[in-house]
Amino acid sequence: MRYWLPILTVAGVWFVHLAVSYFLAWADCATTWAGLLIIRHVATALGLILIVALSIRAQRASALPARLGTRRELAMEQSFLAGLTVTLGLMFIFATALAGAANLFLGPCS
Amino acid sequence: VIGRIVDRMRQVGLLPEEDEPDPRDPLLRQWKDHEGLYGWLTTVQNGPVVNRYMFAAFALFVIGGLEALMMRIQLARPENTWVRPDHYNQLFTMHGSIMMFLVTVPLLEGLASFALPVLLGARELPYPRMTAFGFWTFLFGAILLYSSRAFGEVPEVGWTSYVPLASNEFSPNRGVDFWLLGLSVAEVAALGAGIELVIAVLKMRAPGMTLSRIPIFAWSILVTAYAMLFGFTPLLVATTLLEIERKLGTRFFDPSAGGDPLLWQHLFWIFGHPDVYIQFIPAAGIISLVVATFSRRRLVGESLIVASLIATAIISFGLWVHHMFSAGLSVLGMSFFAAASMSIAVPSGIQVVAWIATLWLGRPVFTTALLFALGFIVTFVAGGVTGVMVASIPFDWQVHDTHFVVGHFHYVLVGGVVFPIFAAFYYWMPKMVGRALNERLGRWNFWLMFIGFQITFFPMHISGLLGMPRRTYAYPPGLGWDVPNLISTIGAFILALGVAVFMWNAIRSVLLGHGEIHNDNPWDAGTMDWATTSPPPDEGYRVVPIVSSRYPLWEQKQLDRGDLEYERIVHGLAESPTAWRAQLVTSAITAEPQAIVHLARPSIWPLLAAIALTLNFVATLFDLVGLLIFSTLATVGATIGWLWPSRLERERRLAGSGSSLHGLPVYTSGTIAPGWWTMIHIVLVIAVATTCLLFCYFFLHAKASVWPPPGNALPELRPMSWAAIALVGAAGATGLALRAIRADSQGWLRAWLACAVLASGLFLATVMLALQEPSLSHAAHAFGSIVLTLVWYQIYMVLAGIILTGVVLVQALLGYFDERRFLAVQNTAIYSATMAVNWLAILAALYFTSGA
């Protein structure tokens with residue numbers, strides 16, 4: 001599971017960001033507190049930072065087994081999974097940024 | 001001629017085979033079916049079962065196509081009266097429903113079930129009886145759906161069955177019930193297939209086939225199978241809620257009693273949009289195989305394609321709201337989903353670029369299969385572009401429910417799914433039945449279908465932009481719709497002619513036997529599906545191959561040579577065991593051999609279970625209480641019979657079979673055992689179902705001004721908490737039973753299992769007493785409907801758990817377990833723990849959010 005976790009987490013961050021953005025937009029429309037706009041932007045920034053951090057961590061972790069003398073095949077597969085995580089990370093960075101951009105242009109009650 | 005056709009149909013498993021003497025080779029004898037009709041009904045071999053699956057699904061494709069032709073004839077000219085309005089409604093409902101649920105998904109499941117074992121180097125799929133059960137349930141589900149015509153109560157509410165149109169008030173006959181229950185049978189088959197395909201890819205690969213060497217098609221099936229588990233479960237929840245609304249009068253979707261019709265739309269599209277990708281992703285996997293084979297080179301960017309498949313599946317679960325852009329949601333909220341809808345173009349685009357680059361850098365051989373692949377690329381890109389257009393909210397408002405949308409989704413589904421399926425027919429037919437389809441007829445087939453398709457569906461974009469609504473049976477002249485509709489109708493006949501050419505090609509090449517092939521790998525493909533004889537022998541691989549490349553036939557000189565340890569294992573397995581059907585299990589990431597498992601032999605239980613389950617749905621449909629009770633008991637009985645250990649297992653004769661040759665254990669548990677993985681995925685399905693029901697609860701809660709509504713209250717917390725303690729106790733008892741059997745303590749095993757049954761029984765009694773609360777009614781308000789549904793859902797799950805634990809207890813009393821053989825006990829412990837967590841989650845949601 002630990003090998004799959006980065007992939008699932010990267011995707012999970014995107015999905016949670018989507019759900020949280022929808023909820024915050026709904027809450028922002030229902031209240032008059034201006035701080036929610038900032039929280040919406042912070043949520044997007046946090047999502048992007050998390051995806052980048054997970055991708056970097058996966059990439060670094062894939063280099064570890066070779067140094068620790070893990071069997072060649074396992075090291076190769078870890079590197080493959082790290083590559084998948086980074087590629088997925090790039091796609092989900094795009095998807096998260098695109099969703100977050102809506103907050104820049106539209107009001108919560110529009 | 002008829003004799004030849006009958007002979008060929010026998011050979012491919014469509015008709016019972018004639019009696020043949022038993023082969024002398026013990027391994028072959030082991031994989032042989034029973035004889036005659038009984039053998040035909042009890043076979044679990046994926047070869048004949050898949051051929052039947054494909055044949056039945058293709059027959060439904062033809063029926064669905066004929067319904068489409070009737071619609072096109074009706075729309076050929078304005079104010080046509082050829083079809084009555086209610087008949088037209090029935091035509092588009094049945095056409096959409098069977099094409100989406102009973103044609104493309106089953107055809108792709110069938111192709112996956114056929115191709116995976118040979119592609120992965122496995123002898124069979126992990127659960128052959130599940131494959132057979134899947135076919136029978138699919139067949140009976142389709143028959144149930146179409147039997148509505150015999151009763152004159154054909155569904156006519158569209159393939160989306162939106163409420164309130166699908167409610168009792170506006171659809172008082174049984175048409176919607178036929179739709180809901182017929183599809184529910186097929187959904188059960190899809191969930192079973194999903195779990196089986198996941199286990200096949202993760203645990204049944206040839207030694208050395210590490211994750212990075214899994215063929216792209218197998219990756220696509222792995223991703224699809226997970227999408228099926230996450231997608232079909234919400235559909236099962238949705239259809240169940242609508243059926244109990246119609247049968248028992250609950251109020252989930254009734255706004256006058258706290259319900260909301262939008263809840264149906266959410267649940268349906270949480271399934272509905274991923275369903276498009278459940279069809280597209282395996283189709284993309286087929287295209288990857290076909291493009292690589294006929295370009296004579298490895299795919300460009302294979303890892304990128306794998307990442308794209310995963311990203312496509314995941315993003316597809318965040319798009320469902322774009323089907324509801326005209327339902328009155330907030331613009332900002334919809335924009336998030338519009339962004340997700342546009343984002344999915346990125347991974348799809350990556351795949352298209354990779355295929356084009358492969359063709360560009362390769363030496364393409366333009367066979368019919370590759371022509372269909374190219375037709376797919378052109379048509380799917382066009383459908384994708386219009387998809388990005390309708391992901392734009394203002395544009396969607398303009399064209400919503402018009403023929404533009406009909407054109408768009410046919411470009412995606414016919415271009416993106418049907419063309420790849422035809423590519424697969426031409427590509428895999430030699431492997432499946434040992435006969436190749438004629439290439440000359442194939443080119444006629446392709447060009448007629450491709451040109452016919454474009455002529456049919458392109459004009460719909462124009463008539464849609466001119467405002468023509470979909471699902472309308474007639475239209476007045478002079479609106480500019482006449483010419484596009486006439487052209488569409490002409491195109492539909494050309495498309496149908498293309499399908500007819502394919503049918504003739506199949507009859508001529510396969511049934512009349514003209515499509516002889518001269519070697520087992522006629523396309524000179526590089527993947528392992530072409531490593532066996534064509535068609536594959538019953539036993540699959542006698543010597544399981546050793547893989548060190550993604551294209552072993554291109555890059556490996558010998559498939560049975562490699563790592564010395566692996567060689568010893570695969571050659572040992574060829575010698576022994578031969579007294580039972582053995583299958584090698586490998587690790588999920590590096591595909592190292594871990595164990596040998598016993599595969600099921602032919603059995604009547606899958607057929608009986610499918611009949612019992614279908615009768616259950618029939619009894620629900622016609623309100624037959626006696627039949628309902630009988631069929632429920634029969635389903636439980638058939639399932640127990642199905643899962644009961646075989647005599648070989650009971651007498652522990654599996655152990656030691658050839659272990660000196662292959663050196664692998666036979667009895668396993670934990671992460672090595674496929675059965676453990678299966679239980680984990682069943683838990684996943686339960687978690688998704690619970691999440692869906694809790695989503696319904698919170699959705700209705702958010703819409704309500706007062707929650708709980710006046711006059712409604714939750715049952716007392718105290719008995720519900722006692723029930724929780726009982727379930728935690730049951731989980732603890734099964735955990736202790738597991739610990740006991742690991743220490744080979746038979747007495748404690750039996751005692752703890754008995755305690756678990758008692759504790760679960762206590763849960764049922766406590767909850768049933770608590771439900772006597774008079775202020776909670778399922779029919780008064782949506783609050784009572786959803787609360788009682790959650791509680792009854794848990795009750796049914798616990799009831800299933802009691803049966804499971806009871807059966808394991810009986811097996812324990814018969815002495816079937818020891819310190820090495822305890823997988824059933826372990827799975828019972830996992831299930832019991834899941835039930836406890838499930839109930840705690842439900843209680844937390846109910847009592848923390850309702851002021852209790």
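Here the structure is shown first, and the text comes after it.
Within every chain, residues take consecutive numbers counted from 1 along the sequence as written. Whichever chain is written first becomes A and whichever ligand is written first becomes 1, with later ones labelled in order. It should be noted that, the model being predicted, local features are given only for residues of pLDDT at least 70 and side-chain atom pairs only at 80 or more, the latter also being counted only at that level, while totals for whole chains, interfaces and linings use all residues. Computation of side-chain values covers all heavy atoms of the structure but excludes hydrogens and water.

(A) The state of the cysteines, seen in detail. Residues and elements named next belong to chain A. Any pair of cysteine sulfurs within 2.5 Å is marked as a disulfide. Counted under the stated rule, the structure contains 1 disulfide over all chains. In this model Cys29 forms its disulfide with Cys109; the gap between the sulfur atoms is 2.2 Å. Note on the Cys29 and Cys109 pair: the S-S dihedral is about 125 degrees, so by sign convention the disulfide is right-handed. Of this pair, Cys29 sits in helix α1 (residues 5–30) while Cys109 sits in the segment after α3 (72–105), and the two are 80 residues apart along the sequence. Relative accessible area serves as the criterion here: at 36%, Cys29 is assigned to the partly exposed category. Exposed residues in this analysis have more than 50% of their type's maximum accessible area, buried residues have under 20%, and partly exposed residues fall in between, with area computed by a 1.4 Å probe over protein chains only. Cys109 sits in the exposed class, given a relative accessible area of 51%. Only DSSP runs of H or I reaching four residues or more are called helices, and only runs of E reaching two or more are called strands; each is numbered from the N terminus.

(B) Local environment of empty space enclosed by the protein. Residue and element names in this part refer to chain B. A cavity, in this analysis, means grid points on a 1 Å lattice covering only the protein atoms where a 1.4 Å probe fits yet has no way out; a pocket is instead an open set bounded by protein on both sides within 12 Å along at least five of seven lines, and a residue lines either one if it has an atom within 4 Å of a point. Grid points are joined across faces, edges and corners, and a volume is the space filled by probe spheres set on the points. On inspection of all chains with the given rule, the structure shows 6 cavities of 30 Å³ or more. Taken as a whole, the largest cavity spans an internal volume of roughly 110 Å³. In this structure, the largest cavity is lined by Tyr53, Phe101, Val105, Pro106, Glu109, Phe138, Leu183, Ala186, Glu187, Ala189, Ala190 and Phe232. Listed by contribution, the elements that provide at least two residues to the lining of the largest cavity are α5 (85–120) and α7 (175–203). The element best represented in the lining of the largest cavity is α7, accounting for 5 residues. Side-chain classes are defined by residue name, with Ala, Val, Leu, Ile, Met, Phe, Trp, Tyr, Cys and Pro counting as nonpolar, Asp, Glu, Lys and Arg as charged, and the others, Gly among them, as polar. Residue composition of the lining of the largest cavity, by class: 10 nonpolar, no polar and 2 charged.

(C) How the structure looks around the pairing of strand β1 (residues 582–586) of chain B. Residue and element names in this part refer to chain B. Here β1 lies mainly inside the structure; 5 of its 5 residues are buried. Residue alternation in β1 divides its side chains into two sets, Ala582, Leu584 and Thr586 and Gln583 and Val585, and both sets are buried. Connecting the antiparallel pair β1 and strand β2 (residues 593–598) is a turn made up of 6 residues, with Ala591 showing a positive phi of about 55 degrees. Two strands are counted as paired when DSSP detects at least two bridges linking them.

(D) The packing of aromatic side chains, seen in detail. Only the six-membered ring of Trp is used, alongside the rings of Phe and Tyr, when aromatic pairs are assigned; centres must lie within 6.5 Å, and planes under 30 degrees apart are stacked while those over 60 apart are edge-to-face, with the rest tilted. Applying the stated criterion across every chain, the model contains 71 aromatic pairs over all chains. Taking 5.5 Å as the distance between ring centres and 40 degrees as the angle between the ring planes, the aromatic pair formed by A:Trp14 and A:Phe92 counts as tilted. Remark: A:Phe92 occurs in helix α3 and A:Trp14 occurs in helix α1; sequence separation between them is 78 residues. When the ring of B:Trp355 is compared with that of B:Phe376, the centres are 5.4 Å apart and the planes differ by 70 degrees; the resulting orientation is edge-to-face. Linking B:Trp355 in helix α12 (residues 345–361) with B:Phe376 in helix α13 (residues 368–390), this pair joins segments that are 21 residues apart in sequence. For the pair formed by B:Trp355 and B:Phe376, the shared burial category is buried. Lying over the aromatic face of B:Trp40, B:Arg52 brings its terminal NZ or CZ to 4.1 Å of the ring centre. Only Lys NZ and Arg CZ are tested; either one counts as a charge over a ring when it is within 6 Å of the ring centre and within 35 degrees of the ring normal.

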